[in-house]
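Chain residues, written in single-letter form:
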Amino acid sequence: MTRLAFATSNTLKFLIADEVCRPYGIELVRVPIDLLEIQADNGEAIARHKAAAAFEALHQPLVISDDSTSIPGLGGFPGPYMKYMNEWLTPADFLHLTETLEDRRLILRQVVVYQDATQQRVFTADINCLLLKEIRGESKYSHLTLTSVDGTHSLAQGIAAGGQPVFDDARGAWHEFSEWFDQQEIAQSAPLVRVSQS
């Protein structure tokens, strides 16, 4: 089992990634780290910057992930600003914002970035979802109570039922990363540097 730092303070992201990576012999070690997030309309640019900043702070091979949410019925809003929307809006606010939309598509873009001293690799996946017309489940992430893959259950309900959303499509970027990383020399030669997780 190869150990690799995953720079994140988000427990849910870690659980999703860990489930995918373990069958490939990759043991992710969650390293909570506060990183200054640049303001940009492009989620990939934000993720690339976060990976480089995390490497500068930790000085070891690592991976980060960043998700953005596009609602076509709202002109692509909120894009990479979903983190802030979840801080500002309750599930009821989010429902009020979207309840009259005819186009109820929601696209989750998942970006996974690997960074070491010599390279940065980006893996992306778009997950097609639907906006429900009523709040289902509970989550501190407001949009998860209205976001559905199957059109019936919210991601919040999936998390509550199984500990995490059990949707293979939602982890495409992690599968791509794991398949690539499994073939790299670093997967066999680079030990994980012990870091503080306080």
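## Re the overall build of the protein chain
Consideration 1: Along its length, the protein chain carries 7 helices and 7 strands.
Consideration 2: The order of helices and strands in the protein chain, counted from the N terminus, is β-α-β-α-β-β-α-α-β-β-β-α-α-α.
Consideration 3: Going through the 198 residues of the protein chain one by one, you find that 46% of them count as buried.
Consideration 4: Restricting to contacts in the protein chain with at least 6 residues of sequence separation, those with at least 24 account for 60%.
Consideration 5: On the protein chain, roughly 10,100 Å² of surface is accessible, and the fraction owed to carbon and sulfur atoms is 49%.

## Some remarks on the pattern of salt bridges
Consideration 1: Scanning the model with the defined rule gives 7 salt bridges in all.
Consideration 2: The shortest N-O distance in the salt bridge between D66 and K50 comes to 2.9 Å. Note that D66 is positioned in strand 3 (residues 62-70) and K50 in helix 2 (residues 43-58), a separation of 16 residues in sequence. Accessibility classification places D66 together with K50 in one group, the buried group.
Consideration 3: R105 is paired through a salt bridge with D103; the nearest N and O atoms lie 2.7 Å apart.
Consideration 4: For D103, a relative accessible area of 26% gives the class partly exposed.

## Here's the deal with the nonpolar core
Consideration 1: I71, F94, L106, L108, L131 and L144 are the most contacted members of the largest nonpolar core, which has 19 residues in total.
Consideration 2: Of all the secondary-structure elements, those providing two or more residues to this core are helix 1 (11-21), helix 3 (82-88), helix 4 (91-98), strand 5 (105-115), strand 6 (120-131) and helix 5 (155-162).
Consideration 3: Residues A17, V20, V63 and Y114 belong to the second largest nonpolar core, which totals 18 residues.

## So, the packing of helix 1 against helix 6 (residues 172-181)
Consideration 1: It is the contact of helix 1 with helix 6, at a shortest axis distance of 9 Å, that shows an interaxial angle of 45 degrees. Relative to helix 6, helix 1 is oriented oblique. Of the two possible hands of crossing, helix 1 and helix 6 adopt the one that is right-handed. On the side of helix 1, the interface is formed by A17, V20 and C21, while helix 6 contributes W174, H175, F177 and S178.

## A few points about helix 4
Consideration 1: Buried residues of helix 4: F94, L95 and T98, and no others. Looking straight down helix 4, one finds that the buried residues subtend no more than 100 degrees of arc, so they occupy a single side.

## Some points on the environment of N10
Consideration 1: Structurally, N10 can be placed in the loop between strand 1 (2-7) and helix 1.
Consideration 2: Remark: the alpha-carbon pair of N10 and S65, spanning 55 residues in sequence, is separated by 9.9 Å.
Consideration 3: Every residue in contact with N10, bar those within four places of it in the chain, is listed here: R30 and Y141.
Consideration 4: Looking at N10, its side chain comes within polar contact range of the main-chain nitrogen of L12, at 3.0 Å.

Reading the values: the criteria
- Throughout, residues of each chain are indexed from 1 in the direction in which the sequence is written.
- With pLDDT at 70 or above as the cut-off, local features in this predicted model cover only qualifying residues; side-chain atom pairs require 80 or more to be listed or tallied, and sums for whole chains, interfaces and linings still use all residues.
- Think of the side-chain values as coming from all heavy atoms in the structure, minus any hydrogens and water.
- Secondary structure is summarised from DSSP: a helix means a run of H or I of at least four residues, a strand means a run of E of at least two, and numbering begins at the N terminus for each.
- Relative accessibility thresholds used throughout: buried, under 20% of the residue-type maximum; exposed, over 50%; partly exposed, between the two (1.4 Å probe, protein chains only).
- Contacts: residue pairs with any heavy atoms within 4.5 Å of one another.
- Residue exposure ignores everything except the shown protein chains as possible cover, and the areas themselves are Shrake-Rupley values with a 1.4 Å probe.
- Think of a salt bridge as a Lys or Arg side-chain nitrogen and an Asp or Glu carboxyl oxygen that are within 4 Å of each other.
- Joining through side-chain atoms within 4.5 Å is the link that ties buried Ala, Val, Leu, Ile, Met, Phe, Trp, Tyr and Cys residues into a set, and such a set is a nonpolar core.
- For helices, the fitted line uses only the C-alpha atoms of the stretch in contact; every axis is such a line through C-alpha atoms, and the angle between N-to-C directions lies from 0 to 180 degrees.
- Small angles under 35 degrees read as roughly parallel and large ones over 145 as roughly antiparallel, with 65 to 115 read as roughly perpendicular and the rest as oblique.
- In a left-handed crossing the near helix is turned counterclockwise from the far helix by less than a right angle, and in a right-handed crossing that turn is clockwise.
- What the arc describes is the spread of directions from the helix axis to the C-beta atoms.
- In protein, a polar contact means a hydrogen-donor-capable atom and an acceptor-capable atom, both N or O and within 3.5 Å, with residues adjacent in sequence counting only if both atoms are side-chain atoms; elsewhere, any N or O pair within 3.5 Å suffices.

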